[in-house]
Amino acid sequence: MFEWAFYFLAYLCAGFTLKLGDDLLDEMERSTFAWLPLAVSGILFGYLMTQTEWDLVLLAAIVVSVLLSGKVNRPQFAVGFFFIALIMLVRGVPAVTDWLNWSALLLMLFLASVLDEKGIDWTDEEISPRVFKFFRYRLTLKLSVLLLTIPWPQFLASAVGLWMFDLGYELAGWVTRQRQ
């Protein structure tokens, strides 16, 4: 029971620290302070990515999609990537039991994540407020992970982890908005 609580808390804190670091960079213009939360986020990402092949595929899809969509636009993000690599080097990468299934899942999660990242840029709140909210809350990936637990039931814990991650992410955004 304690392991599950720690596992989901790690997802929650990874989302919280990532958004906090991002908001320190973009919203509050306090780039010096962003290093610490982004480092903590990288440590948590690295830890989670070494847990199971399912966590690895989920978080790898997110990391790759964020990189390729151009959202990593400040040097402070490098500390997170450094710690992801370091933790994975020290702890090791989990064994992948079926590379074909894992790759298919990676591709689907990647596409859902890219759609969320780009969807918010493509939509206009005044023209289509519902679509804008759908992408603002990144529902493509969140709904996709739930649907993907049907063919891959072992993915359920990671899917719930993503929802915890996003809860932490939204909570940090709320804290930032309250401070401003």
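One can find the structure itself at the top, above this paragraph.
Let me begin by describing the structure that accompanies this report.

Rules used in this analysis
Residues numbered from 1 in each chain as written. Predicted model: local features only at pLDDT ≥ 70, side-chain atom pairs only at ≥ 80, totals over all residues. Heavy atoms only, no water. 1 Å grid on protein atoms, 1.4 Å probe; cavity = no way out; pocket = protein on both sides within 12 Å on 5 of 7 lines; lining within 4 Å. Points joined across faces, edges and corners; volume = space filled by probe spheres on them. Helix = DSSP H or I, 4+ residues; strand = E, 2+ residues; numbered from the N terminus. Nonpolar A, V, L, I, M, F, W, Y, C, P; charged D, E, K, R; others polar. Buried < 20%, exposed > 50% of the residue type's maximum accessible area, 1.4 Å probe, protein only. Lys, Arg positive; Asp, Glu negative; His and termini not counted. Salt bridge = Lys/Arg side-chain N within 4 Å of Asp/Glu carboxyl O. Contact = heavy atoms within 4.5 Å. Axes fitted to C-alpha atoms, helices over the stretch in contact; angles between N-to-C directions. Parallel < 35°, antiparallel > 145°, perpendicular 65-115°, else oblique. Left-handed = near helix turned anticlockwise from the far one by under 90°.

**Some remarks on the layout of surface pockets**
Then comes step 1: Approximately 980 Å³ is the volume found for the largest pocket.
Then comes step 2: Looking at the largest pocket, it is lined by 38 residues, and the ones nearest its centre are L18, D22, E117, R138 and Y169.
Then comes step 3: The set of elements that each furnish at least two residues to the lining of the largest pocket consists of helix 1 (2-26), helix 2 (31-49), helix 3 (53-68), helix 4 (77-91), helix 5 (99-122), helix 7 (139-148) and helix 8 (156-179).
Then comes step 4: Here the lining of the largest pocket takes 8 residues from helix 8, the largest share from any one element.
Then comes step 5: Looking at the lining of the largest pocket, its residues break down into 15 nonpolar, 9 polar and 14 charged.
Then comes step 6: Looking at the second largest pocket, its volume works out to about 160 Å³.
Then comes step 7: Residue lining of the second largest pocket: E3, W4, F6, Y7, Y47, Q51, T52, W54, D55, Q154, A157 and S158, and that is the complete set.
Then comes step 8: For the lining of the second largest pocket, the elements supplying multiple residues, two or more each, are helix 1, helix 3 and helix 8.
Then comes step 9: A total of 4 residues in the lining of the second largest pocket trace back to one element, the largest contributor, which is helix 1.

**Quick look at the side chain of D55**
Then comes step 1: Structurally, D55 can be placed in helix 3.
Then comes step 2: Of the buried charged residues, D55 lacks a salt bridge, with R91 as the closest side chain of opposite charge at 9.3 Å.
Then comes step 3: Setting aside residues no more than four positions away along its own chain, D55 makes contact with Y7, Y11, L48 and S158.

**Observations regarding the pattern of salt bridges**
Then comes step 1: Here the structure, examined in full by the defined rule, presents 5 salt bridges.
Then comes step 2: Between R74 and D26 there is a salt bridge, and its shortest N-O distance comes to 3.8 Å. Of this pair, R74 sits in the loop between helix 3 and helix 4 while D26 sits in helix 1, and the two are 48 residues apart along the sequence.
Then comes step 3: A salt bridge links R138 to E117; its shortest N-O distance comes to 3.7 Å. With R138 in the loop between helix 6 (129-136) and helix 7 and E117 in helix 5, this residue pair connects regions lying 21 residues apart in the sequence.
Then comes step 4: You can call E117 buried: its relative accessible area is 9%.

**Some details on the packing of helix 2 against helix 4**
Then comes step 1: In contact at an axis separation of 7 Å, helix 2 and helix 4 are set at 30° when each is read in the N-to-C sense. Taken together, the axes of helix 2 and helix 4 lie roughly parallel to each other. Both helix 2 and helix 4 take part in a crossing whose hand is right-handed. Across the interface between the two elements, W35, L38, A39, G42, I43, F45, G46, Y47 and M49 of helix 2 pack against F77, V79, G80, F83, I84, I87, M88 and R91 of helix 4.

The quantities given are spatial measurements derived from coordinates; they are silent on function.
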